[in-house]
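# Fold and geometry: a report
Residues per chain, in single letters:
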Amino acid sequence: MREMTAAADPDLVVAEALRWVGTPYRHQASRLGVGCDCLGLVRGVWRALLGDEPESAGPYAPDWAETSREDPLFAAATKHMLATAGLEPRRGHVLLFRWRPHMAAKHAGIALDEKRLIHAYQGHAVMISPLVPQWRRRIAGLFAFPAAGGSTSKR
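Below or above, wherever it landed, is the structure these notes cover. (Residues numbered from 1 in each chain as written. Predicted model: local features only at pLDDT ≥ 70, side-chain atom pairs only at ≥ 80, totals over all residues. Heavy atoms only, no water.)

### Looking at the overall build of the chain
Filter applied, for reference: Runs of E in the DSSP output that reach at least two residues are strands. Runs of H or I that reach at least four are helices, and both are numbered from the N terminus. Exposure categories follow from relative accessible area, calculated using a 1.4 Å probe and restricted to protein chains: below 20% of the type maximum is buried, above 50% is exposed, and the middle band is partly exposed. Surface accessibility follows the Shrake-Rupley procedure with a 1.4 Å probe radius. Residue values consider only the protein chains on display as shielding.
Helix and strand counts for the chain stand at four helices and eight strands. Counting helices and strands in the order they occur from the N terminus, the chain gives α-β-β-α-α-β-β-β-β-β-α-β. Within the chain, buried positions represent 41% of all 155 residues. Surface exposure of the chain reaches about 8200 Å², of which carbon and sulfur atoms provide 54%.

### Some details on unusual backbone geometry
One non-glycine residue, Gln-28, lies in the positive phi region at around 70°. If you trace the backbone, Gln-28 turns up in the loop between helix H1 (10-19) and strand S1 (30-31).

### A word on the packing of aromatic side chains
The geometry of two aromatic rings is summed up by the distance between their centres and the angle between their planes. Quick reminder of the rule: When two rings of Phe, Tyr or Trp (its six-membered ring) have centres within 6.5 Å they constitute a pair, described as stacked for plane angles under 30 degrees, edge-to-face for angles over 60, and tilted for the intermediate range. For a Lys NZ or an Arg CZ to count as sitting over a ring, it must be within 6 Å of the ring centre and within 35 degrees of the ring normal.
With the rule as written, the count across this model stands at four aromatic pairs. Aromatic ring contacts, followed pair by pair, group Phe-97, Tyr-121 and Trp-135 into a single cluster. One Lys or Arg, Arg-98, reaches over the ring of Phe-74 and ends 5.3 Å from the middle of that ring. Taking NZ or CZ as reference, Arg-138 lies 4.3 Å from the ring centre of Trp-99, over its face.

### Focus: helix H2 (residues 38-50)
Note the threshold: Given the number of residues in a helix, its expected span is that number minus one, multiplied by 1.5 Å. Residues adjacent in sequence count toward polar contacts only when both atoms are side-chain atoms; beyond that, a polar contact is any pair of N or O atoms within 3.5 Å, and within protein one must be able to donate a hydrogen and the other to accept it.
Taking 1.5 Å of rise per residue, 13 residues should cover 18 Å, and H2 covers 18 Å from first to last C-alpha, within 8% of that figure. Within H2 the residues assigned to the buried category are Cys-38, Leu-39, Gly-40, Leu-41, Val-42, Gly-44, Val-45 and Trp-46. Put simply, Asp-37 is the residue that caps the front of H2, since its side-chain oxygen is 3.3 Å from the backbone nitrogen of Leu-39. Once H2 finishes, Gly-51 follows within two positions and takes phi at roughly 95°, a positive value.

### Observations concerning the nonpolar core
Counted only if it meets this: Joining through side-chain atoms within 4.5 Å is the link that ties buried Ala, Val, Leu, Ile, Met, Phe, Trp, Tyr and Cys residues into a set, and such a set is a nonpolar core. A contact between two residues is defined here by any heavy atoms of the two lying within 4.5 Å.
Among the nonpolar cores identified, the biggest contains 27 residues, and Leu-41, Val-45, Val-94, Leu-96, Ile-110 and Phe-145 are the most heavily contacted of them. Only H1, H2, helix H3 (72-80), strand S4 (94-98) and strand S5 (105-111) provide two or more residues apiece to this core. Element by element, the count of residues in this core is highest for H2, at six residues. If we ignore the near neighbours within four places in the chain, the residues touching Leu-41 are Ala-17, Trp-20, Cys-36, Ile-110, Ile-118, His-119 and Val-126. Counting residues in hydrophobic clusters, the runner-up holds eight residues, among them Leu-95, Ala-111, Leu-131 and Leu-142.

### Thoughts on the packing of H1 against H2
Stated formally: Helix axes are fitted only over the stretch in contact, all axes being lines through C-alpha atoms; the angle between N-to-C directions runs from 0 to 180 degrees. Each angle receives one of four descriptions, namely roughly parallel if under 35 degrees, roughly antiparallel if over 145, roughly perpendicular if within 65 to 115, and oblique otherwise. Here a crossing is taken to be left-handed if its near helix is turned anticlockwise relative to the far helix by less than a right angle, and right-handed if that turn runs clockwise.
Look at H1 against H2: their axes get within 10 Å of each other, and the N-to-C directions meet at 125°. Considered as vectors, H1 and H2 are oriented oblique to each other. Crossing angle aside, the handedness with which H1 passes H2 is right-handed. Facing H1, whose interface residues are Leu-12, Val-13, Glu-16 and Ala-17, H2 presents Leu-41, Val-45, Ala-48 and Leu-49.

### Some details on the side chain of Thr-23
Summarising the element assignment, Thr-23 is placed in the loop between H1 and S1. Within the local environment of Thr-23, its side chain forms a polar contact with the backbone nitrogen of Gly-33, the two atoms lying 2.9 Å apart. Residue contacts for Thr-23: discarding those within four places in its chain leaves Arg-31, Leu-32, Gly-33, Val-34, Gly-35, Cys-36, Ala-125 and Val-126.

See the structure below:
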């Protein structure tokens, strides 16, 4: 087992995420310029920077208010990315959001900088949004993509 120790260059992460701006929203899709959802954006950036995805996302509901004992998005991020300390986003971080504290994380975005994020949500194409208080208070975790060539799993 090799531990992930280095994070991907945040400028490369952001440059790739910016290529997706304008991609139409399509639930469970992940194709640049064709369609993606919030997870599809993160998956597409992963593929561009690191190659094949480490596991299939499997089916998931688009409902942000879905209640579940499981938290698969958060679990996958913990398994395949580098958790960051605190809840202050930095350029290139993957942000996970919970609608309410007792709910599973159901939205993801990539920090453009400390005040803006790149994300997709229903009814909108991939876009840049201000990281306003309504988004900030829903941050459930911050993660960094691992550097290319590093381990992508903590088996």
